[in-house]
Amino acid sequence: MTKNLSSIAKAKKIKYFLISFVDLFGVLRSKLVPASAISGMQKDGAGFAGFATWLDMTPADSDMFAIPDPDSLIQLPWNKEVGWLASDLWMDGKQVEASPRVMLKKQIGILSRDKLIMKSGVECEYFLVSADGASIADQRDVQSKPCYDQSALMRRYDLIKEICDCMIELGWGPYQNDHEDANGQFEMNWDYSDCLTTADRHVFFKFMVKSLSEKHGLRATFMPKPFENLTGNGCHAHISLWNEKNNKFLESGDRYGLSKLAYNFLGGLMKNAASLSAFFNPTVNSFRRINAPPTKSGASWSPSSISYTGNNRTHMIRIPDPGRFELRLMDGSSNPYLLQAGILAAGIHGMSVKLDPGEPLTCNMYTDYKNYPDLDKLPDDLEEALEKLEENKILKDAFGESVINSYIKLKKEEIRSFFQNENFDKKGPITDWEKLNTLDC
Ligand SMILES: [Mg+2]
């Protein structure tokens, strides 16, 4: 039975709902709706002008409606009067195909024909920076290898504890928090779930981290590469496919503990990785992280070639444990729904044609890449990623050609706006345009 949001509001003392959606650029948009009006909104949705967001619409288009998914309800732990809801977009009585949450649900629907679900977890890295984003917030955080630095972590205890307490209260099962490889950088991990739940939580996590950081007088950023010489913000995902009870990626007889199905899925990701980079590394700034020169800590921790391996962090795909693998391509600016949808579409393709990913590589790819000149490379910039996406029939079939064309069109407009004032030089300083347009990604 569908949950009644009006009754839930009374029981939980929710006074306002944020009816939210994420557009193609990953921007979280909402209307704040009083509980007295939620009953109608639950049925008909909250109205928006689609053109005013990053969706390929015109000012002449009909109203767009965000119909909230009651199962996604999250009562803000730091402001219990407010309930957050993820929504699906509708227009003229039809779902908006280019709405990222709808794109993900379409792939989930295709997978469900084989009675399978994708479970995933994401590792969202972020920096705490000064208000203008010019420097990290903690001026004492200066070690050349700052990863897991206890003192720097504990100087942020009040904030990290508050975020982690929220996740405990919400039942997400958080299990560790750490200082990451860059000065000023942190990561917080919570349990994996079905991929739609993970995507909704990923959206909410970014909102929560930014909101609570502001409350503590700090600014959080998920920008892929906010500082030239420091490791960037990755957003790795761990993937497995399940039927009702069993992990279908698990195969105890295999050297890495993966099933044939898992290798086929992985093959689909490798084949489509360069095109998917347009989803997974969607900003101009993203490509300072991919193919990046070594950082102050000694490694970029991000991939440059399309390869897979066992428990080795220098490749694009790592198999850390039996029954799952980690895709390390995505960065902090990736749209949480397109992240999961892209993985799923490529994996479904790999399984449907039984793609063989070939032999794994076991080298240190950061140092030995020159020994593998024939390996497919990841794109060097966003334009190249979009060209690969434009050529990709598999992803056009999966999401619909018009959806992919809309995405490419909007992203090309963004690139044009960048080049009006700037040049993209990976060795040069991060531009003001990148900061202005990516710090709040
Ligand atoms: Mg990390």
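What counts and how
Residues numbered from 1 in each chain as written. Predicted model: local features only at pLDDT ≥ 70, side-chain atom pairs only at ≥ 80, totals over all residues. Helix = DSSP H or I, 4+ residues; strand = E, 2+ residues; numbered from the N terminus. Rg over C-alpha atoms; globule rule 2.2 N^0.38 Å. Buried ≥ 20, exposed ≤ 12 C-beta atoms within 10 Å, placed from the backbone. Contact = placed C-beta atoms within 7 Å. Expected span 1.5 Å × (residues − 1). Axes fitted to C-alpha atoms, helices over the stretch in contact; angles between N-to-C directions. Parallel < 35°, antiparallel > 145°, perpendicular 65-115°, else oblique. Left-handed = near helix turned anticlockwise from the far one by under 90°. Nonpolar A, V, L, I, M, F, W, Y, C, P; charged D, E, K, R; others polar. Domains from an automatic or database assignment. Pairing = 2+ DSSP bridges. Core = buried A, V, L, I, M, F, W, Y, C linked by C-beta atoms within 7 Å.

Enquirer: Explain the overall build of the protein residue by residue, including any values.
Expert: The number of helices and strands found in the protein is 13 helices and 16 strands. A compact globule built from 441 residues would reach a C-alpha radius of gyration of about 22 Å, and the protein, at 21 Å, matches this within 12%. Seen through its principal axes, the protein has C-alpha atoms that stretch 65 × 55 × 50 Å. Relative to its full complement of 441 residues, the protein shows a buried share of 47%. Considering only intrachain contacts with a sequence separation of at least 6, the fraction spanning at least 24 residues in the protein is 72%.

Enquirer: Explain helix α8 (residues 336-352) to me, using residue names and the numbers behind them.
Expert: Along its 17 residues, α8 runs 25 Å from first to last C-alpha, staying within 8% of the 24 Å computed at 1.5 Å per residue. Backbone geometry just after α8 places lysine 354 at a positive phi near 50°.

Enquirer: Please provide a residue-by-residue account of the packing of helix α6 (residues 195-215) against α8, values included.
Expert: Across the interface, α6 lies against α8 with an axial gap of 8 Å and an inter-helix angle of 155°. Classed by the angle they form, the pair α6 and α8 counts as roughly antiparallel. Where α6 crosses over α8, the two elements pack in a sense that is right-handed. Taking contact as the criterion, the partners of Cys195, Thr198, Ala199, His202 and Val203 in α6 are, on α8, Pro336, Tyr337, Gln340 and Leu344. Residue composition of the contact of α6 with α8, grouped by class: six nonpolar, three polar and no charged.

Enquirer: Summarise the domain arrangement of the protein; cite the residues concerned and give the values.
Expert: When its domains are assigned, the protein resolves into domain 1 (11-96) and domain 2 (107-438). For domain 1 and domain 2, the distance between their C-alpha centres works out to 26 Å. Each side of the interface is counted separately: domain 1 has twelve residues, and domain 2 has 16 residues.

Enquirer: Run through the pairing of strand β8 (residues 117-129), naming residues and quoting values.
Expert: In terms of burial, β8 is a largely internal element, ten of the 13 residues being buried. Where β8 meets strand β13 (residues 235-242), eight bridges bridge the pair, whose relative direction is antiparallel. When the sheet's bridge partners are listed, valine 122 is paired in β13 with alanine 237. Two elements, β8 and strand β11 (residues 193-194), share two bridges in a ladder whose sense is antiparallel.

Enquirer: Kindly report on the environment of lysine 393, identifying the contributing residues and their values.
Expert: On the secondary structure map, lysine 393 appears in helix α11 (residues 393-399). Distance in space between the C-alpha atoms of lysine 393 and arginine 288 is 27 Å, their sequence separation being 105 residues.

Enquirer: Let's hear about unusual backbone geometry: which residues, and what values?
Expert: One non-glycine residue, lysine 13, lies in positive phi territory at about 60°. Relative to the elements of secondary structure, lysine 13 occurs in the loop between α1 (5-12) and β1 (16-22). When the 10 C-beta atoms within 10 Å are taken as the criterion, lysine 13 is described as exposed. The residue tryptophan 301 is not glycine, and still its phi comes out positive at about 60°. Here tryptophan 301 lies in the loop between α7 (260-280) and β14 (308-309).

Enquirer: Can you explain the nonpolar core? Please cite residues and give values.
Expert: In this structure, Phe17, Leu266, Leu269, Ala273 and Leu327 are the most contacted members of the largest nonpolar core, which totals 114 residues. At twelve residues, α7 tops the list of elements feeding residues into this core. No fewer than three residues from each of domain 1 (11-96) and domain 2 (107-438) sit in this core. If near-sequence neighbours (up to four positions away) are discounted, leucine 269 is found in contact with Ile317, Leu327, Ile343, Ala346, Gly347 and Gly350.

Enquirer: Give a description of α6 that names residues and reports values.
Expert: The end-to-end C-alpha distance of α6, which contains 21 residues, comes to 30 Å, matching closely the 30 Å that a straight helix rising 1.5 Å per residue would cover. Taken from the residues just after α6, glycine 217 is the one with a positive phi, measuring 75°.

Enquirer: Describe the environment of isoleucine 168, listing the residues and the values that go with them.
Expert: Within the element layout of this structure, isoleucine 168 appears in helix α5 (residues 157-170). C-alpha of isoleucine 168 to C-alpha of proline 77: the two residues are 91 residues apart in sequence and 9.9 Å apart in space.

Enquirer: I'd love a proper account of the packing of α5 against α6, names of residues and values included.
Expert: Contact geometry of α5 with α6 gives a least axis separation of 10 Å together with a crossing angle of 140°. One way to sum up the angle between α5 and α6 is to call them oblique. Pair α5 / α6 crosses with right-handed handedness. On α6, the residues touching Leu159, Glu162, Ile163 and Cys166 of α5 are Met208, Val209, Leu212 and Ser213. Along the lines of polarity and charge, the residues of the contact of α5 with α6 split into six nonpolar, one polar and one charged.

Enquirer: Any chance you could break down the pairing of strand β15 (residues 317-321) for me, citing the residues and the numbers?
Expert: When β14 meets β15, the two strands line up parallel, connected through two bridges. Considered in β15, the bridge of tyrosine 308 is made with isoleucine 317. By the bridge criterion, three bridges tie β15 to strand β16 (residues 324-327) in an arrangement that is antiparallel. Bridge pairing in β16 links aspartate 321 to arginine 324. Between β15 and β16, which pair antiparallel in sequence order, lie two residues; one of them, glycine 323, sits at a positive phi of approximately 85°.

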